[in-house]
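Commentary on secondary and tertiary structure
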Amino acid sequence: MTDASDTPVGAEPGDGGSADGPNLEGDDAEARPTEPVEREELSLDDLTLPQRVFVAAVQNPTRGVFVAFLLAFAFSFYIALWLAFPRFAALGSAAAAVAAVVIGGVLYLLR
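The rules behind these values
Residues numbered from 1 in each chain as written. Predicted model: local features only at pLDDT ≥ 70, side-chain atom pairs only at ≥ 80, totals over all residues. Heavy atoms only, no water. Helix = DSSP H or I, 4+ residues; strand = E, 2+ residues; numbered from the N terminus. Buried < 20%, exposed > 50% of the residue type's maximum accessible area, 1.4 Å probe, protein only. Areas by Shrake-Rupley, 256 points an atom, 1.4 Å probe, with all protein chains shown as cover. pLDDT = per-residue confidence, 0-100. Patch = residues over 30% accessible without salt bridge, like charges linked within 9 Å, V, L, I, M, F, W, Y side chains within 5 Å. Salt bridge = Lys/Arg side-chain N within 4 Å of Asp/Glu carboxyl O. Lys, Arg positive; Asp, Glu negative; His and termini not counted. Charge placed at Lys NZ, Arg CZ, Asp CG, Glu CD. Phe/Tyr/Trp six-rings, centres within 6.5 Å; stacked < 30°, edge-to-face > 60°. Axes fitted to C-alpha atoms, helices over the stretch in contact; angles between N-to-C directions. Parallel < 35°, antiparallel > 145°, perpendicular 65-115°, else oblique. Contact = heavy atoms within 4.5 Å. Nonpolar A, V, L, I, M, F, W, Y, C, P; charged D, E, K, R; others polar.

What follows is about the overall build of the chain. Per the secondary structure count, the chain includes 4 helices and 0 strands. In sequence order, the chain lays out its α and β elements as α-α-α-α. The buried share of the chain, reckoned over its 111 residues, is 3%. Put simply, the chain shows about 10500 Å² of open surface, and 66% of that area lies on carbon and sulfur atoms.

See below:
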């Protein structure tokens, strides 16, 4: 005869479990793999440009914050250019858009 004090808190008498979780011994333990699953190695060539930027920022957060600051600083100069010289900024933006389309087309054709 078992006493109620022999059963762990949160477990029903006779279920073999404990308060920490289910019983991991038995038939279910053999079905689970015991060795870690090997993952395929990734190279930097497999990553896209945004993924590469993310990896670089995670590896060196100070550099990531510095690059973000520089991009914000450059964007503020671009806005100031539009406010001070709108025609010149429009011409420069149009030229940059044409260059981006040409570069994108060349990259698309090379792939």
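Don't stop here, the text continues.
Moving on to the environment of V67. Among the structural elements, V67 can be located in helix α3 (residues 61-84). A relative accessible area of 42% means that V67 is categorised as partly exposed. Linking V67 and A57, residues 10 residues apart in sequence, is a C-alpha distance of 9.1 Å.

What follows deals with the confidence of the model for the chain. Counting all residues, the mean pLDDT for the chain is 80, and 68% of those residues have values of 70 or more. Of all secondary-structure elements in the chain, the lowest mean pLDDT belongs to helix α1 (residues 27-31), at 56, while helix α4 (residues 86-110) reaches the highest, 96.

Let us look at a negative patch on the surface. Together, E40, E41, D45 and D46 make up a negatively charged patch on the protein surface. Structurally, D45 can be placed in the loop between α1 and α2 (49-59). Among the residues examined, D45 registers a relative accessible area of 66% and is labelled exposed.

A few words on the packing of aromatic side chains. Taken as a whole and assessed by the stated rule, the structure comprises 3 aromatic pairs. Ring centres of F73 and F77 lie 5.0 Å apart, and the angle between their planes is 70°; on these two criteria the pair is classed as edge-to-face. Here F73 and its partner F77 are both found in helix α3, 4 residues apart, which amounts to about one turn of the helix. Relative accessible area serves as the criterion here: at 44%, F73 is assigned to the partly exposed category. Taking relative accessible area as the criterion, F77 reaches 52% and is therefore assigned exposed. The interplanar angle of 80° and the centroid separation of 6.4 Å between the aromatic rings of Y78 and W82 together place this pair among those described as edge-to-face. Here Y78 and its partner W82 are both found in helix α3, 4 residues apart, which amounts to about one turn of the helix. What makes Y78 partly exposed here is its relative accessible area of 35%.

Two elements in contact, α3 and α4, have axes whose closest approach is 5 Å; the angle formed by their N-to-C orientations is 125°. One way to sum up the angle between α3 and α4 is to call them oblique. Contacts between α3 and α4 involve Y78, L81, W82, L83 and A84 on the former and, on the latter, P86, F88, A89, A90 and S93. Looking at the contact of α3 with α4 residue by residue, the classes come out as 9 nonpolar, 1 polar and no charged.

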